[in-house]
Amino acid sequence: MIQIESVTKRYPDGTTAVDGLSLEIPDGSITVLVGPSGCGKTTTLRMINRMVEQTSGRILLDGADIREQPVSTLRRSMGYVIQNAGLFPHRTIVDNIATVPRMLGWDRRRARERARELMERVGLDGALARRYPYQLSGGQQQRVGVARALAADPPVLLMDEPFSAVDPIVRKSLQAELLRIQEELGKTIVFVTHDIDEAIRIGDMVAVLRTGGKLAQFAPPDELLSSPADAFVEDFLGTDRGIRRLSFFGSDGLELTTQPVLPAGADAAQAARAAASGAPYVLLTDAEGRPRGWAEAKGGPAGGEPELLPTGRPFVAGRESLRDALDCAVLSPTGWAVAVDDQGKVVGVVSQEAIGAAIRSAHAARQDGDGAGGADRADATRAGAVT
Ligand SMILES: Nc1ncnc2c1ncn2[C@@H]1O[C@H](COP(=O)(O)OP(=O)(O)OP(=O)(O)O)[C@@H](O)[C@H]1O
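Residues numbered from 1 in each chain as written. Predicted model: local features only at pLDDT ≥ 70, side-chain atom pairs only at ≥ 80, totals over all residues.

## With respect to the overall build of the chain
Piece 1. Of regular secondary structure, the chain possesses 15 helices and 16 strands.
Piece 2. Dimensions of the chain along its principal axes, counting C-alpha atoms only, are 80 × 50 × 30 Å.
Piece 3. In the chain, buried positions account for 42% of the 387 residues. (Helix = DSSP H or I, 4+ residues; strand = E, 2+ residues; numbered from the N terminus. Buried ≥ 20, exposed ≤ 12 C-beta atoms within 10 Å, placed from the backbone.)

## Description of the sheet that holds strand β11 (residues 261-262)
Piece 1. Pairing in this open sheet of three strands is mixed, and the strands run β11-β12-β13 from one edge to the other. In the strand order of this sheet, the two ends are held by β11 and β13 (291-296), each with one partner. (Pairing = 2+ DSSP bridges.)

## Observations concerning the site of the ligand
Piece 1. The environment of the ligand is made up of 13 residues, and the closest members are Tyr11, Ala17, Ser37, Thr42 and Thr43.
Piece 2. With three residues, helix α1 (residues 41-48) is the largest single contributor of residues to the shell around the ligand.
Piece 3. Grouping the amino acids of the shell around the ligand by side-chain chemistry returns three nonpolar, eight polar and two charged. (Near = placed C-beta within 6 Å. Nonpolar A, V, L, I, M, F, W, Y, C, P; charged D, E, K, R; others polar.)

## Thoughts on the domain arrangement of the chain
Piece 1. Examined at the domain level, the chain breaks down into domain 1 (2-245) and domain 2 (261-362).
Piece 2. Relative to domain 2, the C-alpha centre of domain 1 lies at a distance of 43 Å. (Domains from an automatic or database assignment.)

## Description of the nonpolar core
Piece 1. Residues Val32, Ile97, Ala147 and Leu158 are the most contacted members of the largest nonpolar core, which totals 66 residues.
Piece 2. For this core, the leading source of residues is helix α6 (residues 138-150), giving five residues.
Piece 3. If sequence neighbours within four positions are ignored, Ala147 has contacts with Ile97, Leu118, Met119, Val122 and Leu124.
Piece 4. Phe249, Leu262, Val340 and Ile359 belong to the second largest nonpolar core, which has 36 residues in total. (Core = buried A, V, L, I, M, F, W, Y, C linked by C-beta atoms within 7 Å. Contact = placed C-beta atoms within 7 Å.)

## Considerations on unusual backbone geometry
Piece 1. The phi torsion at Arg50 lies on the positive side, around 65°, for a residue other than glycine.
Piece 2. Considering the arrangement of structural elements, one finds Arg50 in the loop between α1 and β4 (56-61).
Piece 3. Located in the positive-phi region is Asp62, a residue other than glycine, with phi close to 45°.
Piece 4. By secondary structure assignment, the location of Asp62 is in the loop between β4 and β5 (64-65).

## Regarding the packing of helix α13 (residues 322-331) against helix α14 (residues 352-367)
Helices that pack against each other are described as a pair by the angle of their axes relative to one another and the distance between those axes.
Piece 1. Their axes nearest at 10 Å, the elements α13 and α14 cross at an angle of 155°. With respect to their mutual orientation, α13 and α14 come out roughly antiparallel. For the pair α13 and α14, the crossing hand works out as left-handed. Contacts from Leu322, Ala325, Leu326, Ala329 and Val330 in α13 reach Gln352, Ile355, Ala358, Ile359 and Ala362 in α14.
Piece 2. Tallied by class, the residues present in the contact of α13 with α14 amount to nine nonpolar, one polar and no charged. (Axes fitted to C-alpha atoms, helices over the stretch in contact; angles between N-to-C directions. Parallel < 35°, antiparallel > 145°, perpendicular 65-115°, else oblique. Left-handed = near helix turned anticlockwise from the far one by under 90°.)

## Section: α14
Piece 1. Spanning 16 residues, α14 covers 23 Å between terminal C-alpha atoms, matching the ideal 22 Å at 1.5 Å per step.
Piece 2. For α14, every residue scored as buried is listed here: Ile355, Ala358, Ile359 and Ala362. Down the axis of α14, the buried side of the element spans an arc of 105°, and every buried residue falls inside it. For α14, the exposed residues lying more than 90 degrees away from the buried face are Glu353, Gly356, Arg360, Ser361, Ala364 and Gln367.
Piece 3. Residues of α14 that are buried in the fold lie against α13, β15 (336-340) and β16 (346-351). (Expected span 1.5 Å × (residues − 1). Arc of directions from axis to C-beta.)

## Some remarks on the sheet that holds strand β3 (residues 30-34)
Piece 1. Taken in spatial order, the six strands make up an open sheet running β6-β7-β8-β3-β9-β10, and their pairing is mixed. With one partner strand each, in any of the chains shown, β6 (78-82) and β10 (214-219) form the two edges of the open sheet. Direction aside, neighbouring strands of the sheet carry axes that sit 15° apart on average.
Piece 2. Sheet topology places β3 next to strand β9 (residues 205-210); four bridges connect them, and they run parallel. Looking at the pairing, Leu33 lines up with Ala207 of β9.
Piece 3. Where α6 meets the sheet, it contacts β6 and β7 (156-160), and its direction lies at approximately 165° from that of β6.

## Description of the environment of Arg244
Piece 1. Relative to the elements of secondary structure, Arg244 occurs in helix α11 (residues 241-245).
Piece 2. For Arg244, a count of 21 C-beta atoms within 10 Å puts it in the buried group.

## Observations concerning helix α12 (residues 268-275)
Piece 1. Among all positions of α12, only Ala271, Ala274 and Ala275 are buried. All buried residues of α12 project into a common sector of 95° when viewed along the axis, lining one side.
Piece 2. Looking at the packing, one finds that the buried side of α12 touches β11 and β12 (281-285).

## Regarding the pairing of β4
Piece 1. Taken together, the five bridges between strand β1 (residues 2-10) and β4 define a ladder with antiparallel strand orientation. Counterpart to Glu5 in the pairing with β4 is Arg58.
Piece 2. The antiparallel pairing of β4 with β5 creates a hairpin that spans two residues between the two strands, and Asp62 there sits at a positive phi of about 45°.

Here it is in structure tokens:
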């Protein structure tokens, strides 16, 4: 665990970058430092690996003051990733990644083997190994930066706005990749960003700092969204808090119905039953059970090929969140969301009203403190559902 105890940093020109900050950064999880420009995020991160020395207070790593060990030993236990990756331009990708193992005295072959293994882990094609950084896209370079930080297998990873310089789509995939890697490796990650959505998506814990380097709130993202500590945090979180919080509720509690679902090759009696289910539309599926389209229930899908409305994007039942289910229902031309399994087969449909009821009971359960919050979030995150 990293404990930051009443830490203040005052630069020689008198700027107070961090003011009496106390934080307990848990092991094996992602803690995000977020806040407006100049609020002291980078300074805090750099105090953890002693690139910046604090003016007062203490930082403990596993109970020991970080000033009690040589800086080189401390930094060896902490991978460091920065914006634009900071790669060595005249070294190949494989040698960039192998930098720290080489410094630690590994022979070239072993270090390169490790580098290739890490390339695979961060989703980089091995064919890029002999290229130079300028021959890679921004997103690929960031992956190399992450691989390089992981090369000596440090327990701690410090990441300073690592994904800020890439476009939103690449950024999302890098975030998903980081969550996947973290799932496997369970590092203690301290991640700096000024983007609250990124903080909510990847953080297990989020520290919101305000200008002047003071802590405004330290909480899991779900709690941040539901109970911002004050107007500053609320403002910083932005609009749609309620909708965004639905990402932390699993869709497994939704009551799906198969009554209005009509499989391929169904007979007239089945078609009549589906049409009489009370739903205004019937969902037709193909021979593999995948959604084909909605047919109006009135008049029935029985006589010949009816005109079909598109089903839109279905959600994966149980794996995706209530936010995904609601989004599918809102975008569906019928107001009903289609739920599928991992193979894309229809497992049922659900109306906006039923989703609304599920949201109300999920909120009520969370308020009763049923303790399911963490699990829901973790599951949703694993599924890449937190958006
Ligand atoms: N070497 C320095 N000397 C004097 N002031 C500094 C120094 N480094 C940073 N500062 C100041 O300290 C404050 C905090 O800076 P820091 O870089 O930690 O903020 P940040 O939250 O990471 O900002 P950003 O999101 O813009 O990167 C700012 O007011 C900055 O101008």
